[in-house]
Amino acid sequence: TTKGTPQSNLFTYEDSFERISKNEITVINFLLEKAQNVEVVYIPGNHDHFVGWHLIQFLSAYFRNQKNLTFDISQKATKYKRYQNTALQFNHGDVLKAEKLAQLFPMDFKEEWSKCDHFVSLVGDKHHEVAKDLNGIKFYQLPALSSSKSTWDDKQGFSCKGEMMAFLISEKDGITDIYHEKI
């Protein structure tokens, strides 16, 4: 990893990258079948800086002629999007804590903030789920998409149970459902 954390893999780098690329293409194509417009938002991670960057570059080139698909591939650590009246904040979660992200949210997203009634902050990094309300900002730390356990997880006392979370956001009511899928 770019941070130096030792990793052991079942496959070569090249085979892994090909498998991940094919998976992401499948997911994006599925979303394109279900939605009128799709936006892929890249959030740089702390351990896979180069792999993540290569992947998002590849995907944006692969889908370059897809009219109803956009990519936000900037290197910004925190990104903001508005869906109807819901403000969304995305960050990897390795440096800024929930409370600091909540402080930054209205300042960094001030031009869109007043158009919203619902506020959601989404992070990853810590491999387990956390949900809390920070003065009206719904903060979600998402679990890992893998049930692999590293020595770091073991030292930290984390039990990694791979899970995907998906949020249904309605146009006027914000988050109306949260789906959990065990991996």
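Throughout this description, residue numbers start from 1 for each chain and increase along the sequence as written. The predicted nature of this model means local features are confined to residues of pLDDT at least 70 and side-chain atom pairs, given and counted, to a pLDDT of 80 or more, with totals for whole chains, interfaces and linings taken over all residues. Remark: hydrogens and water are excluded; side-chain values derive from all non-hydrogen atoms of the structure.

So, on to the overall build of the protein. Strands here are runs of E lasting at least two residues and helices are runs of H or I lasting at least four, both read from the DSSP assignment and numbered beginning at the N terminus. Across its full length, the protein carries five helices and nine strands. If you list the helices and strands of the protein from N to C, you get α-β-α-β-β-β-α-α-β-β-β-α-β-β. Compactness check: the protein gives a C-alpha radius of gyration of 17 Å against a globular reference of 16 Å for 183 residues, within 12% of the reference. Judged by the C-alpha coordinates and their principal axes, the protein covers about 50 × 45 × 30 Å. For a compact globule the rule gives 2.2 Å times the number of residues to the power 0.38, and the radius of gyration it is set against comes from C-alpha atoms.

Time to look at the side chain of S121. Structurally, S121 is set in strand β5 (residues 118-123). Here the term buried applies to any residue with accessible area under 20% of the maximum for its type, exposed to any over 50%, and partly exposed to those in between, with areas from a 1.4 Å probe on protein chains only. Assessed through its relative accessible area of 2%, S121 is described here as buried. Separated by 2.6 Å, the side chains of S121 and Q89 make a polar contact. A contact between two residues is defined here by any heavy atoms of the two lying within 4.5 Å. Sequence-distant contacts of S121, defined by excluding residues within four places in its chain, comprise Q89, L101, F105, I137, K138, F139 and Y140. For the purposes of these results, a polar contact is taken to be a pair of N or O atoms within 3.5 Å, where, inside protein, one atom must be able to donate a hydrogen and its partner to accept one; residues adjacent in sequence count only when each atom of the pair is a side-chain atom.

What follows concerns the sheet that holds strand β6 (residues 130-134). DSSP calls a pair of strands paired once it identifies at least 2 bridges connecting them. If you walk across this open sheet you meet the five strands as β3-β4-β5-β7-β6, and the pairing is mixed. The open sheet has two free edges, formed respectively by β3 (78-83) and β6, since each of these has just one partner strand. Direction aside, the axes of adjacent strands within the sheet are offset by 20° on average. In the sheet, β6 pairs with strand β7 (residues 137-141) via five bridges, with the strands oriented antiparallel. The residue of β7 that forms the bridge with A131 is Y140. Axes here mean lines fitted to C-alpha atoms, for a helix over just the part in contact, with angles spanning 0 to 180 degrees between N-to-C directions.

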